[in-house]
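Summary of the model geometry
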Amino acid sequence: MGKNQNKNSIFARFNNLIRAKINTAIDKAEDPQEMLNQLIRDYKEEIRVAEGNVAEVIGNLRIMESDHKKEQGKAQAASDKADEFRAQAEKLEVGDPARTKAEAQADKFDGLARIALKNRTNAEKTAEKLEEQIKVATPRVDSLKGQLNDAREKLAAAHHQRDELLARHKTNEAMGRILD
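In this text, all values refer to a predicted model and were calculated from it rather than measured experimentally. (Residues numbered from 1 in each chain as written. Predicted model: local features only at pLDDT ≥ 70, side-chain atom pairs only at ≥ 80, totals over all residues. Heavy atoms only, no water.)

1. Re the overall build of the protein
- Counting secondary structure elements, the protein contains 3 helices and 0 strands.
- Of the regular secondary structure in the protein, the N- to C-terminal order runs α-α-α.
- Over its C-alpha atoms the protein spans a radius of gyration of 37 Å, topping by over 25% the 16 Å that the globule rule assigns to 180 residues.
- Across its three principal directions, the C-alpha atoms of the protein cover 120 × 60 × 25 Å.
- Residues classed as buried in the protein amount to 16% of the 180 residues present.
- Taking the contacts inside the protein whose residues are at least 6 apart along the sequence as the reference set, 79% of them involve residues at least 24 apart.
- With the model as given, the accessible surface of the protein reaches about 14,000 Å², and the carbon-plus-sulfur share is 54%.
- If you average the places of the 33 positive and of the 32 negative side-chain charges in the protein, the two averages end up 7 Å apart. (Helix = DSSP H or I, 4+ residues; strand = E, 2+ residues; numbered from the N terminus. Rg over C-alpha atoms; globule rule 2.2 N^0.38 Å. Buried < 20%, exposed > 50% of the residue type's maximum accessible area, 1.4 Å probe, protein only. Contact = heavy atoms within 4.5 Å. Areas by Shrake-Rupley, 256 points an atom, 1.4 Å probe, with all protein chains shown as cover. Lys, Arg positive; Asp, Glu negative; His and termini not counted. Charge placed at Lys NZ, Arg CZ, Asp CG, Glu CD.)

This is the structure in structure tokens:
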């Protein structure tokens, strides 16, 4: 049993020695200023991505709202134009070519109004689905905004740490020159 314990002890010491040497090499290679600069770059990238995601969600919502209003306006305009042609046709006598033409125009605009209403109905269905998605997306957007604010705070803290580190480093260098 003494030999096994001795072997384990040697391996444990050897393992500790290797880990210590590796950590020392990493510590020597690590530049705190470079590490903080990289951290700042990472935070800036997080902020850029989060802002893009928030803007995309809001943009999609605005586009859908705009499309819905346009379809509603098209349907109303076509219906109004059809009513206008029907009123003209009613003023003319039956069999008058102008009346036939006005009725044809009224039918044409009624058809356009039906298409616009169908598009509006489809847009409303899509809008309903989007509203459901918005209800689901809203907490996500809020979360993204929160993450964005957190990233901005971390970025400010990283800037502060870097500046503090640089100030300390310059002070130490100055002290070293004074002592020399």
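2. Observations concerning the nonpolar core
- Ile-40, Tyr-43, Ile-47, Ala-50, Leu-148, Ala-151, Leu-155 and Ala-158 form the largest nonpolar core, which has 8 residues in total.
- Where this core is concerned, the elements lending two or more residues are α2 (32-91) and α3 (97-179).
- Each residue touching Ala-158, except ones within four places of it in the same chain, is listed here: Leu-36, Leu-39, Ile-40 and Tyr-43. (Core = buried A, V, L, I, M, F, W, Y, C linked by side-chain atoms within 4.5 Å.)

3. Here's the deal with the pattern of salt bridges
- Counted under the stated rule, the structure contains 3 salt bridges.
- In this structure, Arg-48 and Glu-45 form a salt bridge, with 2.6 Å as the shortest nitrogen-oxygen distance. Of this pair, Arg-48 and Glu-45 both sit in helix α2, separated by 3 residues, roughly a single helical turn.
- According to the relative accessible area criterion, Glu-45 is partly exposed, its value standing at 39%.
- We note a salt bridge from Asp-163 to Arg-162, for which the minimum N-O separation is 3.8 Å. (Salt bridge = Lys/Arg side-chain N within 4 Å of Asp/Glu carboxyl O.)

4. Things to note about the confidence of the model for the protein
- Looking at the protein as a whole, the pLDDT averages 78, with 92% of positions reaching at least 70.
- Across the protein, element-level confidence peaks in α3 with a mean pLDDT of 79 and bottoms out in helix α1 (residues 2-29) with 75. (pLDDT = per-residue confidence, 0-100.)

5. What to know about the environment of Glu-153
- Secondary-structure assignment places Glu-153 in helix α3.
- Once the C-alpha coordinates of Glu-153 and Tyr-43 are considered, the two residues, 110 residues apart in sequence, prove to be 9.4 Å apart.

6. Structural notes on the environment of Gln-147
- Summarising the element assignment, Gln-147 is placed in helix α3.
- On a C-alpha basis, the gap between Gln-147 and Arg-62 in space is 23 Å, while along the polypeptide they are 85 residues apart.

7. Focus on a nonpolar patch on the surface
- Residues Phe-14, Leu-17, Ile-18 and Ile-22 make up a contiguous nonpolar surface patch of about 370 Å² in total accessible area.
- By the element assignment, Phe-14 lies in helix α1. (Patch = residues over 30% accessible without salt bridge, like charges linked within 9 Å, V, L, I, M, F, W, Y side chains within 5 Å.)

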